[in-house]
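# Understanding the architecture of this molecule
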Amino acid sequence: MKIIAGNWKMNGSRAALETMINSLRDVNTPNTVILCVPYTMLRTGANGVQTGAQDVSPHVAGAYTGDISAQMLADAGAKYVIVGHSERRAYHNETNAVVRSKAQAAINAGLVPIICVGETMDEKQAGKAMAVIESGVRESVPSDENGKIIIAYEPRWAIGAGLTPTSSEIAQAHALIARTLKSMGRGGTPILYGASVKAGNAAAIMSIPNVDGVLVGGASLKPDDFIPIITSVK
Ligand code: PGA
């Protein structure tokens, strides 16, 4: 059983989501399927798919114009929320500390945060990938051990670029994340791989040790691309 999560980013429409959910009706899979969609498309799950958001406020309520609280996401039917995605870190200056507070807010509202960590190309070339991944986990995961979480390892240089790390690079990163989580009292936390996942590489990636599923961007937008990823593994 794997976790197959889609990240629609700022794409799609409510009609496109209905089409996707209808297309999933006859897909028989033991896997957990999640679609993280823009706020305006959030709804309760159906046909074996749950929805999630792509960001959340760290605050509970109040004068934060334009922000959305975790409780509001839950009220709209979401069960999950991505926090600390590379694009949020890059375009909205989100630090590990900010990501941690958002993850905690999600947990407090009964949502499962999908906490993203990963290195940039500069960090990789400077030989700092493992250090960045480990500190990303240590500093972005709430210290409170209560509440379920999911980690997504997303090498930032590979996202949307059609690039993927080698299998041994993915294995090394996931083993490090699993060890780090265990030392934090969170052994057994699912660890997803994300960046340039498609039908052609999904099964191979999910056969790597400590890869419990995938976070899929571009290839999650259309049923013809996403369903073969869901059915590529059991
Ligand atoms: P991609 O995006 O699959 O298009 O590379 C992954 C992500 O950003 O989660």
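Anything mentioned here points back to the structure above.
About the cut-offs
Residues numbered from 1 in each chain as written. Predicted model: local features only at pLDDT ≥ 70, side-chain atom pairs only at ≥ 80, totals over all residues. Heavy atoms only, no water. Helix = DSSP H or I, 4+ residues; strand = E, 2+ residues; numbered from the N terminus. Rg over C-alpha atoms; globule rule 2.2 N^0.38 Å. Buried < 20%, exposed > 50% of the residue type's maximum accessible area, 1.4 Å probe, protein only. Areas by Shrake-Rupley, 256 points an atom, 1.4 Å probe, with all protein chains shown as cover. Lys, Arg positive; Asp, Glu negative; His and termini not counted. Charge placed at Lys NZ, Arg CZ, Asp CG, Glu CD. Near = heavy atom within 4 Å. Polar contact = N/O pair within 3.5 Å; in protein donor to acceptor, adjacent residues only side chain to side chain. Arc of directions from axis to C-beta. Contact = heavy atoms within 4.5 Å. Right-handed = clockwise from strand over helix to strand, strands pointing away. Pairing = 2+ DSSP bridges. Axes fitted to C-alpha atoms, helices over the stretch in contact; angles between N-to-C directions. Parallel < 35°, antiparallel > 145°, perpendicular 65-115°, else oblique. Nonpolar A, V, L, I, M, F, W, Y, C, P; charged D, E, K, R; others polar. Salt bridge = Lys/Arg side-chain N within 4 Å of Asp/Glu carboxyl O. Core = buried A, V, L, I, M, F, W, Y, C linked by side-chain atoms within 4.5 Å.

## Quick look at the overall build of the chain
Within the chain, the regular secondary structure consists of nine helices and eight strands. In terms of C-alpha radius of gyration, the chain reaches 16 Å, essentially the compact-globule figure of 17 Å for 234 residues. Projected onto its principal axes, the C-alpha positions of the chain cover 45 × 45 × 30 Å. A total of 234 residues make up the chain; the buried ones form 49% of that total. Total accessible area on the chain stands at roughly 10,500 Å², and carbon and sulfur atoms take up 50% of it. When the 21 basic and 19 acidic side-chain charges of the chain are each reduced to a single mean position, those positions are 3 Å apart.

## A closer look at the site of the ligand
Close contacts around the ligand come from Asn7, Lys9, His85, Glu154, Ile159, Gly160, Ala195, Ser196, Leu215, Val216, Gly217 and Gly218, and that covers them all. For the ligand, an oxygen atom lies 2.8 Å from a polar atom in the backbone of Ser196.

## Brief notes about helix α8 (residues 199-206)
Those residues of α8 that fall on the buried side of the exposure criterion are Asn201, Ala202, Ile205 and Met206. Projected onto a plane normal to the axis of α8, the buried residues spread over an arc of 125° and lie on a single side. Projecting away from the buried face of α8 at angles above 90 degrees are the exposed residues Gly200 and Ala204. Buried-residue contacts for α8 involve β1 (3-7), α7 (167-183), β7 (191-194), β8 (213-216) and α9 (223-230).

## Considering the pairing of β1
Burial analysis of β1 places five of its five residues in the buried class, the great majority of the element. Residues of β1 alternate between two faces, with Ile3, Ala5 and Asn7 on one and Ile4 and Gly6 on the opposite face, all of them buried. Each parallel crossover has a hand, and for β1 linked through helix α1 (residues 14-23) to strand β2 (residues 32-36) it is right-handed. As paired elements, β1 and β8 share four bridges and run parallel to each other. Note that in β8 the partner of Ala5 across the bridge is Leu215.

## Digging into the sheet that holds strand β3 (residues 49-53)
Around the barrel, which closes on itself, the eight strands sit in the order β1-β2-β3-β4-β5-β6-β7-β8 with parallel pairing between neighbours. Averaged over all adjacent pairs, the angle separating strand axes in this sheet is 25°, with direction ignored. Here three bridges tie β7 to β8, and the two strands are oriented parallel to one another. Looking at β8, one finds that Gly194 is bridged to Leu215. α7 rests against β5 (112-117), β6 (150-153) and β7 of the sheet, and its axis sits at about 150° to β7.

## Description of the packing of helix α4 (residues 96-108) against helix α6 (residues 129-140)
Two elements in contact, α4 and α6, have axes whose closest approach is 8 Å; the angle formed by their N-to-C orientations is 45°. With respect to α6, the element α4 is oriented oblique. Between α4 and α6, the contacting residues are Asn96, Ala97, Val99, Arg100 and Ala103 on the first element and Ser135, Gly136, Glu139 and Ser140 on the second. Looking at the contact of α4 with α6 residue by residue, the classes come out as three nonpolar, four polar and two charged.

## With respect to the pattern of salt bridges
Under the defined criterion, the tally for this structure stands at eight salt bridges. The salt bridge partner of Asp55 is Arg88, with a shortest N-O separation of 3.1 Å. Placement of Asp55 in the loop between β3 and α2 (70-75) and of Arg88 in helix α3 (residues 86-91) is noted, with a sequence separation of 33 residues between them. With a shortest N-O distance of 2.8 Å, Glu169 and Lys124 are connected by a salt bridge. With Glu169 in helix α7 and Lys124 in helix α5 (residues 121-125), the pair connects residues that are 45 residues apart, well separated along the chain. Judged by its relative accessible area of 28%, Glu169 falls in the partly exposed class. Lys124 gets classed as partly exposed once you look at its relative accessible area, which sits at 26%. Through salt bridges with shared partners, one network takes in Asp55, Arg88, Glu94 and Lys102.

## Details of the nonpolar core
By size, the foremost hydrophobic cluster in this structure holds 60 residues, and its most contacted members are Ile151 and Ile177. Per-element accounting of this core gives the leading share, five residues, to α7. Counting 13 residues, the second largest nonpolar core, distinct from the first, contains Ala5, Ile150, Ala152 and Leu192.

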